[in-house]
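Structural description and commentary
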Amino acid sequence: MGLFNVFSSFWYLTLQILFFFNLLIGSFKWLKPATIAAIEKTFFPPEQLMQHMESHSLSNLAQGTRETVESKVSQALKKFRYRIYKDGQGNLYACKGNITRLGPCIAHLGILLCLVAGVYSNFTGFKALQMVVPGDTFGIQDATTFKTGVPRNLWLGSIPDFKIHVSDFHVIYYPDHPQTAKQYFTKIQILSPTTGKVLKSQIISVNHPLDYGNLAIYQASFAPTGRFQIKVNGKPMTISTNSQFNKRPISISSLKDGSMLIMFPFFAHQDPGIPKNVGIFFVRKPGQPFVKGKMPENLRLFQGETGTLNGETISYIKPEIATGLQIKKAPEVPLMYLAYLIISFGAILCFFSQRRLWISLRENTPGKYEIMLYPKTNKGRLSFRQELFSIETALTKIFAPQPMKE
């Protein structure tokens with residue numbers, strides 16, 4: 001049922017696709033009236049304007065020619081940041097905040113893009129996990145774990161052919177909790193598949209991945225491999241745990257003189273968090289069995305220390321630890337960011353209102369005009385009433401009779 005990978009399950013993808021078409025079709029119900037309200041410029045003659053309940057007039061204030069009255073009304077409204085449109089017959093249409101009507105539609109568009117990006121990611125993205133020992137190079141197609149969001153036969157993506165080289169790995173531990181890793185780092189290089197040229201190099205750590213195109217390489221984990229690097233008489237040697245003693249892994253290796261080097265790795269095989277892993281080495285020569293009940297000659301070494309055992313100089317360099325890398329191709333990330341920006345922009349527009357005024361000049365007596373107003377807004381009605389009062393006050397002052405000079 002895909003319960004352990006919900007976002008890539010077939011039923012979740014089905015819900016995404018159904019939601020996309022549901023929202024797409026539903027958006028048209030919002031889109032048409034909102035678009036009409038945002039771009040349509042209508043004019044009402046006085047007879048039609050009076051049919052609206054909220055329409056009212058400013059009495060016979062305006063005197064002068066129609067063109068003069070229209071000009072003064074327009075100048076007053078422009079101070080309140082209205083756009084003015086005229087039909088040439090004494091009817092005006094003033095509006096502002098038209099784009100706010102498209103806020104829900106823009107937010108819907110962002111959600112649609114988000115859904116598209118999610119489906120696109122499942123069909124083209126992937127995740128890969130690989131445990132790598134420093135010094136090794138691997139290709140993504142050779143990763144231990146490679147997963148796509150859909151069955152491989154339906155997957156439409158591609159696997160990059162470049163190589164990934166791990167050159168170093170180290171861990172930092174908490175001073176007061178030496179068994180707990182504080183942070184771990186891996187130095188990796190992206191290599192050209194043809195020339196081997198380094199395309200990018202970076203030291204990654206937890207929460208600080210390497211980004212290359214739409215692909216990211218994360219520091220996911222680390223674990224001991226069961227191998228240890230030592231030196232015997234100055235010559236490097238890698239030994240592996242290959243046997244058991246009292247249910248604990250040990251390493252039995254042959255030396256050149258025919259003797260057997262037996263190492264008991266304490267702590268190292270359990271947790272690499274011990275900053276100084278202890279190794280106990282036994283050397284047993286042919287024909288010289290251990291004496292029962294007596295501890296044979298041994299050598300205890302901390303990481304980086306050197307000692308002598310039965311004439312052999314042994315240095316314990318370090319346990320071999322593999323770094324766990326997660327490689328993720330997420331082509332949806334740029335689309336997701338764009339979708340979130342669109343959604344945010346649409347949501348912000350929804351906070352504001354569209355305000356419209358229909359104005360008509362009716363000449364009741366020659367040279368005197370009645371200014372008729374029909375206001376309308378989709379939200380913020382209280383503040384709109386306050387603004388409307390200010391507009392009417394401004395018009396009253398403009399057309400008020402001037403006192404006669406003596």
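Cut-offs applied
Residues numbered from 1 in each chain as written. Predicted model: local features only at pLDDT ≥ 70, side-chain atom pairs only at ≥ 80, totals over all residues. Heavy atoms only, no water. Helix = DSSP H or I, 4+ residues; strand = E, 2+ residues; numbered from the N terminus. Rg over C-alpha atoms; globule rule 2.2 N^0.38 Å. Buried < 20%, exposed > 50% of the residue type's maximum accessible area, 1.4 Å probe, protein only. Contact = heavy atoms within 4.5 Å. Lys, Arg positive; Asp, Glu negative; His and termini not counted. Charge placed at Lys NZ, Arg CZ, Asp CG, Glu CD. 1 Å grid on protein atoms, 1.4 Å probe; cavity = no way out; pocket = protein on both sides within 12 Å on 5 of 7 lines; lining within 4 Å. Points joined across faces, edges and corners; volume = space filled by probe spheres on them. Polar contact = N/O pair within 3.5 Å; in protein donor to acceptor, adjacent residues only side chain to side chain. Salt bridge = Lys/Arg side-chain N within 4 Å of Asp/Glu carboxyl O. pLDDT = per-residue confidence, 0-100. Pairing = 2+ DSSP bridges. Axes fitted to C-alpha atoms, helices over the stretch in contact; angles between N-to-C directions. Parallel < 35°, antiparallel > 145°, perpendicular 65-115°, else oblique. Left-handed = near helix turned anticlockwise from the far one by under 90°. Nonpolar A, V, L, I, M, F, W, Y, C, P; charged D, E, K, R; others polar. Phe/Tyr/Trp six-rings, centres within 6.5 Å; stacked < 30°, edge-to-face > 60°. Lys NZ or Arg CZ within 6 Å of the ring centre and 35° of its normal.

Some points on the overall build of the chain
Check the secondary structure of the chain and you find six helices and 22 strands. Here the C-alpha radius of gyration of the chain, 40 Å, is well above what a compact globule of 406 residues would show, namely 22 Å. Each principal axis of the C-alpha distribution contributes one length, and for the chain these read about 135 × 55 × 45 Å. Residues counted as buried form 41% of the 406 residues belonging to the chain. The contacts of the chain with a sequence gap of at least 6 include a subset with a gap of at least 24, amounting to 58%. Of the charged side chains in the chain, 45 are positive and 24 negative, and the gap between their average positions amounts to 4 Å.

Remarks on the layout of surface pockets
By volume, the largest pocket is sized at about 650 Å³. As for the largest pocket, its lining consists of 23 residues, of which Phe7, Ser8, Ser121, Asn122 and Lys127 are closest to the centre. Counting residues per element, the ones that place at least two in the lining of the largest pocket are helix 1 (10-39), helix 4 (103-124), strand 5 (126-132), strand 7 (145-148), strand 20 (312-329) and helix 5 (333-349). Considering each element in turn, the lining of the largest pocket owes the most residues, five residues, to helix 4.

Regarding the side chain of glutamine 354
Mapping glutamine 354 onto the fold places it in the loop between helix 5 and strand 21 (355-365). Given a relative accessible area of 1%, glutamine 354 falls into the buried group. Here the side chain of glutamine 354 touches arginine 101 through a polar contact of 2.9 Å, side chain to side chain. Once residues lying within four places of it in the same chain are set aside, the contact partners of glutamine 354 are Ala37, Ala38, Lys96, Gly97, Asn98, Thr100, Arg101, Lys376, Thr377 and Asn378.

A look at unusual backbone geometry
With a phi close to 65°, arginine 81 is a non-glycine residue in the positive phi region. Among the structural elements, arginine 81 can be located in the loop between helix 3 (66-78) and strand 3 (83-86). Of the residues examined, arginine 81 reaches a relative accessible area of 65% and is grouped as exposed.

Observations regarding the pattern of salt bridges
Applying the stated criterion to the full structure yields five salt bridges. Lysine 96 serves as the salt-bridge partner of glutamate 387, at 2.6 Å between the closest nitrogen and oxygen. Of this pair, glutamate 387 sits in helix 6 (residues 381-399) while lysine 96 sits in strand 4 (residues 91-96), and the two are 291 residues apart along the sequence. In this structure glutamate 387 comes out as buried when scored by relative accessible area, which is 12%. Close ionic contact of glutamate 320 with arginine 227 constitutes a salt bridge, the shortest N to O distance being 2.5 Å. Of the two residues, glutamate 320 sits in strand 20 while arginine 227 sits in strand 12 (residues 215-232), which places them 93 residues apart along the sequence. Each of Lys96, Arg355 and Glu387 takes part in one network of salt bridges that share partners.

Observations regarding the confidence of the model for the chain
On average, residues of the chain score 85 in pLDDT, and 92% of them are at 70 or above. When pLDDT is averaged over each helix and strand of the chain, the minimum, 59, is found for strand 17 (residues 278-284) and the maximum, 95, for helix 5. Throughout residues 267-278 the model reports pLDDT below 50, and contacts reaching past four residues in sequence, or to other chains, amount to 38 contacts.

Let's talk about the pairing of strand 5
Walk down a regular strand and you will see the side chains alternate between the two sheet faces. Here strand 5 shows a clear split, with Phe126, Ala128, Gln130 and Val132 buried on one side and none of Lys127, Leu129 and Met131 buried on the other. Sheet topology places strand 5 next to strand 7; four bridges connect them, and they run antiparallel. Paired with alanine 128 across the bridge in strand 7 is phenylalanine 146. Two elements, strand 5 and strand 20, share seven bridges in a ladder whose sense is antiparallel. Bridge pairing in strand 20 links valine 132 to threonine 323.

Describing the packing of helix 1 against helix 4
Look at helix 1 against helix 4: their axes get within 9 Å of each other, and the N-to-C directions meet at 160°. What the angle tells us is that helix 1 and helix 4 run roughly antiparallel. Seen along the crossing, helix 1 lies across helix 4 with a hand that is left-handed. Contacts between helix 1 and helix 4 pair Leu13, Gln16, Ile17, Phe19, Phe20, Leu23, Leu24, Ser27, Trp30, Leu31 and Ala34 from the former with Pro104, Cys105, His108, Ile111, Leu112, Leu115, Val116, Gly118, Val119 and Asn122 from the latter. Class assignment of the residues belonging to the contact of helix 1 with helix 4 gives a composition of 16 nonpolar, five polar and no charged.

Topic: the pairing of strand 8 (residues 163-174)
By the bridge criterion, three bridges tie strand 6 (residues 137-139) to strand 8 in an arrangement that is antiparallel. Bridging from a neighbouring strand, glycine 139 pairs with lysine 163 of strand 8. Turn length for the strand 8-strand 9 (residues 177-191) hairpin, with the two strands adjacent in sequence and antiparallel, is two residues.

Topic: the packing of aromatic side chains
Enumeration over the complete set of coordinates arrives at 15 aromatic pairs. For the ring pair tryptophan 11 and tyrosine 12, a centre distance of 6.3 Å and an interplane angle of 80° mean the geometry is edge-to-face. Between the aromatic rings of phenylalanine 126 and tryptophan 155, the centroid separation amounts to 6.3 Å while the plane-to-plane angle is 80°, which identifies the pairing as edge-to-face. Residue phenylalanine 126 is found in strand 5, and its partner tryptophan 155 is found in the loop between strand 7 and strand 8; the two are separated by 29 residues along the sequence. Accessibility classification places phenylalanine 126 together with tryptophan 155 in one group, the buried group. The rings of Phe44, Tyr85, Tyr93, Trp358 and Tyr374 are connected pair by pair, giving a single aromatic cluster. Just above the ring of tyrosine 85 sits the side chain of lysine 41; from NZ or CZ to the centre is 4.9 Å.

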